[in-house]
Amino acid sequence: MALLIAVLTLVLLVSASTSPAIALSLNHYEKTCPDVESIVAKAVERATMKDKTVPAALLRMHFHDCFIRSGGPTWEVPKGRKDGRTSKASETIQLPAPTFNISQLQQSFSQRGLSMDDLVALSGGHTIGFSHCSSFQNRIRNFNATHDIDPTMHPSFAASLRNVCPIKNKAKNAGATMDPSSTAFDNTYFKLILQGKTLFSSDQALLTNPKTKGLVYKFASSKQSFEKAFVNSMIKMSSLNGGQEIRKDCRVVN
Ligand code: HEM
Ligand SMILES: *[C@@H]1O[C@H](CO)[C@@H](O)[C@H](O)[C@H]1NC(C)=O
Ligand SMILES: *[C@@H]1O[C@H](CO)[C@@H](O)[C@H](O)[C@H]1NC(C)=O
């Protein structure tokens, strides 16, 4: 959890980092708000004590923000995190879908300057959080003409998901946690991929390419190498430059 709070502080403000690769100014808030990192870290920590799902929601929000309005590459060194001036629900169509295969995932990430290594490391974000049935229902019923259930899914895992997700899911809030340690930021997600116990086709797809498969094995066997790669790729994703302005008040456009 300490790592996660650190990462979130980092990505939300894009301030402290030892990596020179980070294109944004490291001391943007030095004069105006010198304690910004510890203030945000404390706020996230407090919120997390009340509600353990807070980090997951923040992490996913960060991913969405970066993917939806990020533009092409530029050589300009941004001075602060640029925020967009528009936010449209319709633009979420640009997000990768949980049904994506490896080539679709690769394309989606490379369009934003992110590599296959980034894809595997960042998919590790699914070590925390929750998903609604609608995001994986394609795998547990009427999968295709020959298989009712996705054969890459562990049979008992698929059976438990079918129990959790009723056919007529009227309330629409049913679902499952990403992994049994869904509030712990660890490498369980990668171990689960190897057992066929992850929720999305896009998770399982990481085993269908030799390069990404190798990384899944590596991260499954070393939590440390996963954390290192994750932080590295988060910084890279944070630097995606789709924003138009540095906000004076982060909640409203200037
Ligand atoms: C590789 C492509 C990705 C796909 C296809 C994908 C897809 C999804 C889907 C379908 C959900 C569940 C939504 C729902 O049913 O409620 C989800 C949740 C989540 N995703 Fe991803 N995602 C991807 C990458 C990422 C990345 C890069 C991160 C962050 C580093 C991330 C972090 C999360 C988190 C934390 C949640 C749980 C949110 C919560 O519990 O509130 N995902 N993702
Ligand atoms: C992935 O899906 C796309 C679109 O359906 C298809 O054209 C492509 O051949 C698929 N690639 C793999 C590796 O299955
Ligand atoms: C159904 O999916 C399985 C596993 O991906 C595949 O082997 C099989 O060929 C598919 N069947 C059809 C009819 O597409």
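Summary of the structure given here. The structure displayed is predicted, hence computed values, not measured ones.

## Looking at the overall build of the chain
So, point 1. When helices and strands are counted, the chain shows eleven helices and four strands.
So, point 2. The proportion of buried residues among the 254 residues of the chain is 43%.
So, point 3. Taking all contacts inside the chain whose residues are at least 6 apart in sequence as the whole, residues at least 24 apart take part in 71%.

## Focus on the nonpolar core
So, point 1. Core analysis: the biggest nonpolar cluster contains 31 residues, and Phe190, Leu206 and Phe219 have the highest contact counts within it.
So, point 2. When contributions to this core are tallied by element, the ones reaching two or more residues are α3 (54-68), α4 (102-110), α5 (116-123), α8 (188-195), α10 (210-221) and α11 (223-238).
So, point 3. Beyond its immediate sequence surroundings of up to four residues, Leu206 is in contact with Ile102, Leu119, Val120, Ser123, Tyr189, Ile193, Thr212, Lys213 and Val216.
So, point 4. Membership of the second largest hydrophobic core comes to 13 residues, among which are Phe157, Ala158, Cys165 and Ala176.

## Examining the site of ligand 2
So, point 1. Around ligand 2, the neighbouring residues are Asn101, Ser103 and Gln104.
So, point 2. The separation between an oxygen atom of ligand 2 and a polar side-chain atom of Asn101 is 2.3 Å.
So, point 3. Within the side chain of Ser103, a nitrogen or oxygen atom sits 2.9 Å from a nitrogen atom of ligand 2.
So, point 4. Expressed as a share of its isolated accessible area of 360 Å², the protein-covered part of ligand 2 is 29%.

## Things to note about the coordination of the iron atom of ligand 1
A metal bound by six donors in octahedral fashion has ideal angles of 90 or 180 degrees, whereas one bound by four tetrahedral donors has an ideal angle of 109.5 degrees.
So, point 1. Counting protein donors around the iron atom of ligand 1 gives one, His126 (NE2), at 2.1 Å.
So, point 2. By the secondary structure assignment, His126 is in the loop between α5 and β2 (130-132).

## Notes on the packing of aromatic side chains
So, point 1. Within this structure, the stated rule accounts for seven aromatic pairs.
So, point 2. When the centroid spacing of 5.7 Å and the interplanar angle of 55° are considered together, the rings of Phe226 and Phe230 count as tilted. Placement of both Phe226 and Phe230 in helix α11 is noted, with a separation of four residues, approximately one turn of the helix.
So, point 3. Residue Phe230 is classed as buried on the basis of its relative accessible area of 1%.
So, point 4. By way of ring pairs, the aromatic residues Phe185, Tyr189, Phe190, Phe219, Phe226 and Phe230 are connected into one cluster.

## Looking at the site of ligand 3
So, point 1. As a structural note, the neighbourhood of ligand 3 is formed by Phe143, Asn144, Ala145, Thr146, His147 and Pro151.
So, point 2. The separation between an oxygen atom of ligand 3 and a polar side-chain atom of Asn144 is 2.3 Å.
So, point 3. One of the side-chain nitrogen or oxygen atoms of Thr146 is found 2.9 Å away from a nitrogen atom of ligand 3.
So, point 4. For ligand 3, whose accessible area on its own is 360 Å², the fraction buried by protein is 43%.
So, point 5. For the shell around ligand 3, a count of residues per class yields three nonpolar, three polar and no charged.

## Quick notes on helix α2 (residues 36-50)
So, point 1. With 15 residues, α2 extends 22 Å from end C-alpha to end C-alpha; this agrees with the ideal 21 Å at 1.5 Å per step.
So, point 2. Of the positions making up α2, those classed as buried are Val36, Val40, Ala41, Val44 and Thr48. Down the axis of α2, the buried side of the element spans an arc of 125°, and every buried residue falls inside it. Among the exposed residues of α2, those oriented more than 90 degrees off its buried face are Lys42, Arg46, Met49 and Lys50.

## What to know about α8
So, point 1. Regarding α8, the residues found buried are Tyr189, Phe190, Leu192 and Ile193. Within α8, the buried residues cover an arc of 155° as seen down the axis, which keeps them to one side.
So, point 2. Here the buried face of α8 lies against α5, α9 (201-204), α10 and α11.
So, point 3. Count one or two residues on from α8 and you reach Gly196, which has phi positive near 70°.

Conventions and cut-offs
Going along each chain's sequence as written, the residues are numbered from 1 onward. By the order in which they are written, chains take letters starting at A while ligands take numbers starting at 1. Only residues with pLDDT of at least 70 get local features here, since the model is predicted, and only at 80 or more are side-chain atom pairs given and counted; chain-wide, interface and lining totals rely on the full set of residues. Excluded from the side-chain calculations are hydrogens and water; all other atoms, namely the structure's heavy atoms, are used. Each helix is a run of H or I in the DSSP string that is no shorter than four residues. Each strand is a run of E no shorter than two, and both are numbered from the N terminus. Burial classes: relative accessible area under 20% of the type maximum marks a residue as buried, over 50% as exposed, and values in between as partly exposed (1.4 Å probe, protein chains only). Residue contacts follow a heavy-atom distance rule, with two residues in contact if any of their heavy atoms lie within 4.5 Å. We define the nonpolar core as a collection of buried residues of types Ala, Val, Leu, Ile, Met, Phe, Trp, Tyr and Cys that are connected through side-chain atoms lying within 4.5 Å of one another. What makes a residue near a molecule or strand is one non-hydrogen atom of that residue sitting within 4 Å of it. Any pair of nitrogen or oxygen atoms within 3.5 Å is treated as a polar contact; in protein, a donor-acceptor pairing is required on top of that, and neighbouring residues in sequence qualify only through side-chain atoms on both sides. Surface exposure here means Shrake-Rupley accessible area, sampled with a 1.4 Å probe, where a residue is shielded only by the protein chains that are shown. Excluding water, the donors of a metal are its N, O and S neighbours within 2.8 Å, or within 3.2 Å for Na, K and Ca, and that exclusion means sites may look incomplete. The rule is short: rings of Phe, Tyr and Trp, with Trp giving its six-membered ring, pair when the centres are within 6.5 Å, and they are stacked under 30 degrees, edge-to-face over 60, tilted in between. Gly is put with the polar residues, along with every residue not named as nonpolar or charged; the nonpolar set is Ala, Val, Leu, Ile, Met, Phe, Trp, Tyr, Cys and Pro, and the charged set is Asp, Glu, Lys and Arg. To estimate the expected span of a helix, subtract one from its residue number and multiply by 1.5 Å. What the arc covers is the set of directions going from the helix axis to the C-beta atoms.

From the geometry alone we can't say anything about function, so treat these as descriptive.
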